[in-house]
Amino acid sequence: MLEDEGGKSFLNNVISAPNETNLHFHGLHISGELPSDDTSLVIAPGDSYTYTIRLPHDHMPGTHWLHPHRHGSSALQVGGGAVLAVIVEDDDTNQSPPASIQALPEQTLVVHDLNIRELDKLSSRGEGTLWSRASLLESNNLPTRYYTVNGQLEPTVTLQAMQWTRMRIVWAAWRAGNLDWTIQDTASCSLQLLSKDGIYVRNFPREIDMAPIVPGGRADVLVNCPTAGSFS
């Protein structure tokens, strides 16, 4: 729920309506009509809406995500971190990987580009006040651009020795280019690509050194390191 900042009213193809919102789902095979994924819906400040998402019974498992898509304010809201992973769990059909893969420990990593300078500009154009932070940061010699994982700055992931772990990676970018995802010390750690954009690769196991993920894309990567440790 968003509060009313008194920003610019909606104008077509113009940064506006900073506190109106809705939701849009990436990767799911669902209806484009309400109460499902209809980006023409306008949720006004202070209001709420209950979405009902129905997946086909044969929907493929995979890693997906969602974000606001109100025209005029989607860049401001997505850029500000309103993003969320959506996981369709594996099952016992032939669309899922073997049970040995399904049993692995897993971590979901929603990687996000927090560009405060750009958000400040967008907020100003929409006559909002939420992101008027860039000048304050710069006056204190602090960065105005960060890359966060699950909302955290420079987090670490702890892995057990010789244990495959499944990383579900979402690149929730809005202005940045590809995310070239890898892990420290790849000379000793092994990476295998399991899926791209919620679709399992057919030639698994596919050994990789790095997973290039386009903006809005996803990748599931298996990681195995010979020694236990924390990695960023």
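Check the entry above for the structure.
All values derive from a computational prediction rather than experimental measurement.

*Asks:* Can you walk me through the pattern of salt bridges in this structure?
*Replies:* Between side chains of opposite charge, pairing is possible as soon as their charged atoms come close. Counting across every chain of the model gives nine salt bridges. Among the salt bridges present, the one from Arg166 reaches Asp90, with a minimum N-O distance of 2.9 Å. Within this pair, whereas Arg166 is found in strand S8 (residues 165-172), its partner Asp90 is found in the loop between strand S3 (84-88) and helix H2 (99-102), the two being separated by 76 residues in sequence. We note that Arg166, like Asp90, is buried. For the salt bridge of Glu118 with Lys121, the shortest nitrogen-to-oxygen distance reads 3.7 Å. Residue Glu118 and its partner Lys121 are located together in helix H3 (residues 116-125), separated by three residues, close to a single helical turn. Using a relative accessible area of 46% as the deciding quantity, one classes Lys121 as partly exposed. Put simply, Asp90, Glu106, Arg166, Arg168 and Asp220 are held in one network by salt bridges that share partners.

*Asks:* Whenever I open this one, H3 confuses me. Can you help?
*Replies:* Because each turn of an α-helix spans 3.6 residues, side chains separated by three or four positions in sequence point in the same direction. Within H3 the residues assigned to the buried category are Ile116, Glu118, Leu119, Asp120, Leu122 and Ser123. Of the surrounding secondary structure, the elements contacted by the buried residues of H3 are helix H1 (74-79), strand S4 (106-115), helix H4 (134-139) and strand S5 (145-149). Among the residues trailing H3, Glu127 stands out with phi positive, at a value near 60°.

*Asks:* In this structure, what is going on with the sheet that holds strand S1 (residues 24-26)? I would like to understand it.
*Replies:* Within a beta sheet, neighbouring strands are joined by backbone hydrogen bonds and run either parallel or antiparallel to one another. In space, the three strands of this open sheet follow the order S1-S2-S3, with antiparallel pairing throughout. The sheet is open, and its two edges are formed by S1 and S3, each paired on a single side. Recorded for the sheet is a direction-independent mean angle of 30° between the axes of neighbouring strands. Two elements, strand S2 (residues 62-67) and S3, share five bridges in a ladder whose sense is antiparallel. When the bridges of S3 are listed, His64 appears paired with Val86.

*Asks:* I tried to follow the layout of surface pockets on my own but got confused; where do I start?
*Replies:* The gaps of empty space that remain are located by a probe, the size of a water molecule, rolled over the atoms. In this structure, the second largest pocket spans a volume of roughly 370 Å³. Along its surface, the second largest pocket is lined by 22 residues, and Met1, Leu2, Thr21, Pro68 and Gln77 are the ones closest to its centre. Of the residues in the lining of the second largest pocket, the class split is twelve nonpolar, seven polar and three charged.

Calculation criteria
Residues numbered from 1 in each chain as written. Predicted model: local features only at pLDDT ≥ 70, side-chain atom pairs only at ≥ 80, totals over all residues. Heavy atoms only, no water. Salt bridge = Lys/Arg side-chain N within 4 Å of Asp/Glu carboxyl O. Helix = DSSP H or I, 4+ residues; strand = E, 2+ residues; numbered from the N terminus. Buried < 20%, exposed > 50% of the residue type's maximum accessible area, 1.4 Å probe, protein only. Contact = heavy atoms within 4.5 Å. Pairing = 2+ DSSP bridges. Axes fitted to C-alpha atoms, helices over the stretch in contact; angles between N-to-C directions. 1 Å grid on protein atoms, 1.4 Å probe; cavity = no way out; pocket = protein on both sides within 12 Å on 5 of 7 lines; lining within 4 Å. Points joined across faces, edges and corners; volume = space filled by probe spheres on them. Nonpolar A, V, L, I, M, F, W, Y, C, P; charged D, E, K, R; others polar.

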